[in-house]
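For reference, the chains in residue letters:
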Amino acid sequence: MSELQDTARRLLDEGAAQVVIGWEAGRRGARPAFVTDAAGCDRLIFDARCVHDLATFLNPRRSQVADLGRAAVVVKGCDAKAVAGLLREAQLARDQVVLIGVRCGGVAAGPEGPEPPALTADTVAARCHGCDVREPASVDVLVGEPQPEPPVAATLDERVAALDALSPAERLAFWTTELSRCTQCYACRQACPLCYCERCVVEKTEPQWVETSPHARGNFAWHLTRAQHLAGRCVGCGECERACPVGIPLGLINRKLQQVVYELYGYTVSDDPAVPAPIGAYAVDDTQDFIR
Amino acid sequence: MNGRAADSGHDRAADGVATQSAAPRRVLLLTHDGLATLVEELATADAAAVAPAWAGGAGRAAGAPGAPRETEYRAVTGAAELAFGGRLPRLSLKQFFLPPTEVLFTWRRTAGDVELTAAPTDVPARVVLGARPCDAAALPIVDRVMNWDYADELWNARRAATTVFSLACGVEDESCFCSAVFLEPAATRGSDGSLTPVDGGYLVETFSDKGEAFVAAHADRFAEPPAGAAGDELRAQAEAFRAAARERVAANLRLDHDRVRDWLEHHFDDPFWATLGPRCNGCGVCSSVCPTCHCFDIVDEPESVGHGVRRRNWDTCQACVFTLHASGHNPRADQNARYRQRVEHKFLVYPTRFGDVLCTGCGRCSRACPTGQDLSEVLAAIDGLSRSGAGPDTGGAGRSHGAEGAAS
């Protein structure tokens, strides 16, 4: 911990950054912290409760964060993939931000609690299964001890496979029930590091592409649109599902998207911004059999 | 159906004097079996009984092994669904009075004209069993807004059709602060009756005509408390439950509302706000789960050629587009301004107009916030700033800059 705090203090002292975005312990558990002075660096922590994807705060539209000055951001593997997404999509220039990488052996399902939980198959976040980044690459500083692989939870892949095994009518019934709770608050969008549009399609009214009323039609339109826009871009950080106030299992949709994109394009989300995503690349042998 | 929803007779006066609990009109006993039969009876009679129930769904509600199950208010049909001992329901009771979406009227184009049909306001009678007192208290608080310059027919019709029995609360956790906003864990404000856990069931108290009518209509399910020492013992158990809960919640937060209101009024541009905005996602989960947030958006939706509906949907001041002008100008330019709006509406604007606060201390906003924004911590910080004697808009003399300005 002191290595992280010392690094943050040094970056602020040297003027390499005006704000360090990391995690602190709040009353209900870990939460994002914005440290602007050396003394505040004592608050910085990193443990299994630090689930938040801090790349979300690099969204160029978040002027209240940009106002704090040049940022140094603490990133674990999934955060680094999201930062790579922002770089890949030209939302951020690499020299605008200092990246402090932390070695991560998985995080818990949520940030709650006065102490980090011991990571077991029951407590680890579902998204950590299959995560290949113990050490985020392309960072400016790397801190922390080497970490083991995260425990294997009941995986998202198994749950997606169970859904795939259903008939289309059964699958529709499943999602109809789940999405019936949606109030179209868009907390999923706001929590997403890659949902950075200046004006989201649901906020366009001339014409109104997506009905904003939380009835079945509007909810399906919203979640299908969201899924389409994140295909091949979603890093699987799980923040959308965690933010959802009514507990819709959005992680199942995201994982299915990742599977489809892999099957069609052989692409898995990379923490290297130089690796192009399918949406931004063209190859002569790209599959075209969906064009009929 | 255009009448104003009457505050319960024992409602807190608008002059700022707190009345936490009313003297009951009747005291009865409801056994666990009696409650189960009552719920089944209501279901058979097609009369909706809304109650806290174990949440469905394949998401978080399914939970990790060993994690406490989530609960939700919904119409229940059997006692097995009841989650009276569960966690605070994830959404408040608000959805049954101001649904996330509802039709205001339908329109149909006819030859040379447009025919409008208002949404029906004949709401079937229903009862809420086991409302949290912080959810029940929110109803008369929002009544004022819904009847201020315009009597909201749909809200009022649902209020008139609903009898609310609250369940004395044992206090959820460290984010509860009802006792800091003129309530308590067994507050009866907004309740037609209340249930307090005692051995074998619940001590039932009624506070309004609606509450009395409900117990009279289901008289077989309720019993007179035993006479003598046995009855005294039950009343003592109920009081002990309430007292323990009061003590638990009182430790969480204390506020001087006059001073908080005064500070808010004179510190619109205080740097304190810039310590809160950066963390905020602007998602408005706080207002979705809030029992008193009531802002809505109006949308027109064509259903097909020549006919459609006008709806109102939940909205939130935390969204960027909430105040975005057609010109492109946004008077609340960033999340610092939007978070300030939420606090000011609840603890300055509403109090100035109605002599009360737009908050029941349920703590849902703090629990649901994906980034750990904590309203009771923010209020404690403002209370602290208001004591520090800093003059208007001096902006945090003596405070360090950064989010720690809000840390307790």
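### Some points on the overall build of chain A
Phase 1: Helix and strand counts for chain A stand at 9 helices and 5 strands.
Phase 2: Along its sequence from the N terminus, chain A presents helices and strands in the succession α-β-β-α-β-α-β-β-α-α-α-α-α-α.
Phase 3: Its C-alpha atoms give chain A a radius of gyration of 19 Å, near enough to 19 Å, the size a compact globule of 292 residues would have.
Phase 4: With the C-alpha coordinates of chain A rotated into their principal frame, the extents come out at 60 × 40 × 40 Å.
Phase 5: For chain A, the proportion of its 292 residues judged to be buried stands at 50%.
Phase 6: Long-range contacts, defined here as pairs at least 24 residues apart, represent 72% of the contacts in chain A between residues at least 6 apart.

### Let's talk about the domain arrangement of chain B
A common way to report how large an interface is uses the accessible area buried once the components associate.
Residue and element names in this part refer to chain B.
Phase 1: Looking at chain B, the domain boundaries give domain 1 (26-250) and domain 2 (257-406).
Phase 2: Computed from C-alpha atoms alone, the centre-to-centre distance between domain 1 and domain 2 is 27 Å.
Phase 3: If you list the elements that add at least two residues to the side of domain 1 that touches domain 2, you get β4 (101-110) and α2 (133-146).
Phase 4: Considering every element that reaches the side of domain 1 that touches domain 2, the biggest residue donor is β4, with 9 residues.

### Concerning the interface of chain A and chain B
Phase 1: With 46 residues of chain A at the contact, the number on the chain B side is 48 residues.
Phase 2: At the level of elements, β2 (29-35), α2 (63-66), α6 (187-191) and α8 (239-243) of chain A are the ones that each hand at least two residues to the side of chain A that touches chain B.
Phase 3: If one sorts the elements of the side of chain A that touches chain B by residue count, β2(A) sits on top with 6 residues.

### A closer look at the sheet that holds β2(A)
All names here are of chain A.
Phase 1: Read from one edge to the other, the open sheet built from 5 strands follows the order β2-β1-β3-β4-β5, with strand pairing classed as mixed. Edge positions in the sheet fall to β2 and β5 (141-143), since each has one partner strand and no second. On average, adjacent strands in this sheet sit at an angle of 30° to one another, irrespective of strand direction.
Phase 2: Two strands pair when backbone bridges link them, and strand β3 (residues 71-75) and strand β4 (residues 97-102) are joined in this way by 5 bridges, in the parallel orientation. When the sheet's bridge partners are listed, A71 is paired in β4 with V97.

### Some points on the pairing of strand β9 (residues 201-206) of chain B
A regular strand carries its side chains on alternate faces of the sheet.
Residue and element names in this part refer to chain B.
Phase 1: Taken across its 6 residues, β9 has 5 buried, putting it largely inside the fold.
Phase 2: Of the pairings in the sheet, the one linking strand β1 (residues 26-31) to β9 comprises 6 bridges and is antiparallel in character. The residue of β9 that forms the bridge with R26 is T206.
Phase 3: Here strand β8 (residues 193-198) hands over to β9 after 2 residues, with G200 in that stretch at a positive phi of 85°.

Reading guide: rules and limits
Residues numbered from 1 in each chain as written. Chains lettered and ligands numbered in written order. Predicted model: local features only at pLDDT ≥ 70, side-chain atom pairs only at ≥ 80, totals over all residues. Helix = DSSP H or I, 4+ residues; strand = E, 2+ residues; numbered from the N terminus. Rg over C-alpha atoms; globule rule 2.2 N^0.38 Å. Buried ≥ 20, exposed ≤ 12 C-beta atoms within 10 Å, placed from the backbone. Contact = placed C-beta atoms within 7 Å. Domains from an automatic or database assignment. Pairing = 2+ DSSP bridges. Axes fitted to C-alpha atoms, helices over the stretch in contact; angles between N-to-C directions.

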